[in-house]
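Chain and residue survey
Chain by chain, the residues run as shown.
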Amino acid sequence: MSEVKLATETRSEFGKGAARRVRREGKVPGVLYGHGTEPVHVTLPGHELLLALRTPNVLLSLDLGGTTELAIPKAVQRDPLKGFIEHVDLLLVKRGETVTVEIVVETEGELAPGSFLVENVLNTLSVETEATHIPESVTVSIAGLEAGNSILAKDVALPKGTTLATDPDAVVIQILAAQAEEPAGEAAGEGAEA
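Read on for a plain summary of the structure. (Residues numbered from 1 in each chain as written. Predicted model: local features only at pLDDT ≥ 70, side-chain atom pairs only at ≥ 80, totals over all residues. Heavy atoms only, no water.)

Ranked by size, the top nonpolar core spans 23 residues in total, and within it Ile72, Leu125 and Ile173 carry the most contacts. With four residues, the single largest contributor to this core is strand β7 (residues 98-108). Apart from the residues lying within four places of it in its own chain, the contact partners of isoleucine 173 are Val105, Thr107, Val118, Glu119, Asn120, Val121, Val140, Ile142, Ser150 and Ile151. Membership of the second largest hydrophobic core comes to 17 residues, among which are Leu53, Leu64, Ala71 and Leu90. (Core = buried A, V, L, I, M, F, W, Y, C linked by side-chain atoms within 4.5 Å. Buried < 20%, exposed > 50% of the residue type's maximum accessible area, 1.4 Å probe, protein only. Helix = DSSP H or I, 4+ residues; strand = E, 2+ residues; numbered from the N terminus. Contact = heavy atoms within 4.5 Å.)

Okay, here's the thing in structure tokens:
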């Protein structure tokens, strides 16, 4: 897990106008909350935050005027057309603390010979892990699987120190037989004869 350091400023202006001014300066408004403390409204550097958020469940080390806080992104609001970050909610964490996060499920390997399809029923798994050691993803082997096989959440090998928070019997991946489609001419011909 990577830890990204960001210089952060507290802000005292709120509302749409203040948020627009912050964004014009190339920064992102956000709120930092957790551990029963009062929410702290902050301004983060836009480009550095955008790069940091490319890593799933990134750990942010925020420099708040001399004090350093650790946080993970909880909610990120993006502009639907341009894709820039409009606002970010950050959750305070401490070293050694356990957090519940979503991690990406990746597949590896080749299916058994034949016409089979892989259906990713769950693209992410909810897990509990230590805040400073959040895995980016888990890899599931589909090597040799055939139609009718499935992989349940409890079958996924998790990294050390990580426990499953998703229903253990939830289907993560299932293998389906490919369906052959009828040619368009034959389907139309059958309807005309009846």
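After presenting the structure, the write-up continues.
Bringing the side chain of aspartate 89 into the picture now. With respect to the helices and strands, the residue aspartate 89 is situated in strand β6 (residues 85-93). As a buried residue without a salt bridge, aspartate 89 has its nearest oppositely charged side chain in arginine 11, at a separation of 7.6 Å. With residues up to four places along the chain from it excluded, the contact list for aspartate 89 reads Val31, Tyr33, Ile72, Pro73, Lys74 and Ala75. (Lys, Arg positive; Asp, Glu negative; His and termini not counted. Salt bridge = Lys/Arg side-chain N within 4 Å of Asp/Glu carboxyl O.)

Turning next to the pairing of β7. Taken together, the seven bridges between β7 and strand β9 (residues 124-130) define a ladder with antiparallel strand orientation. Residue pairing for β9: valine 101 is matched across the bridge by valine 127. When β7 meets strand β10 (residues 137-141), the two strands line up parallel, connected through five bridges. Within β10, the residue paired with valine 104 across the bridge is serine 137. (Pairing = 2+ DSSP bridges.)

Reading around the barrel, the six strands line up as β1-β3-β2-β6-β5-β4 and close back on themselves, with mixed pairing between neighbours. When the angles between neighbouring strand axes are averaged without regard to direction, this sheet yields 45°. The strands that helix α1 (residues 16-24) touches are β2 (27-34), β3 (37-45) and β6; relative to β2, the one it contacts most, it runs at about 120°. (Axes fitted to C-alpha atoms, helices over the stretch in contact; angles between N-to-C directions.)

Geometric descriptors of this kind do not, in isolation, establish any biological role.
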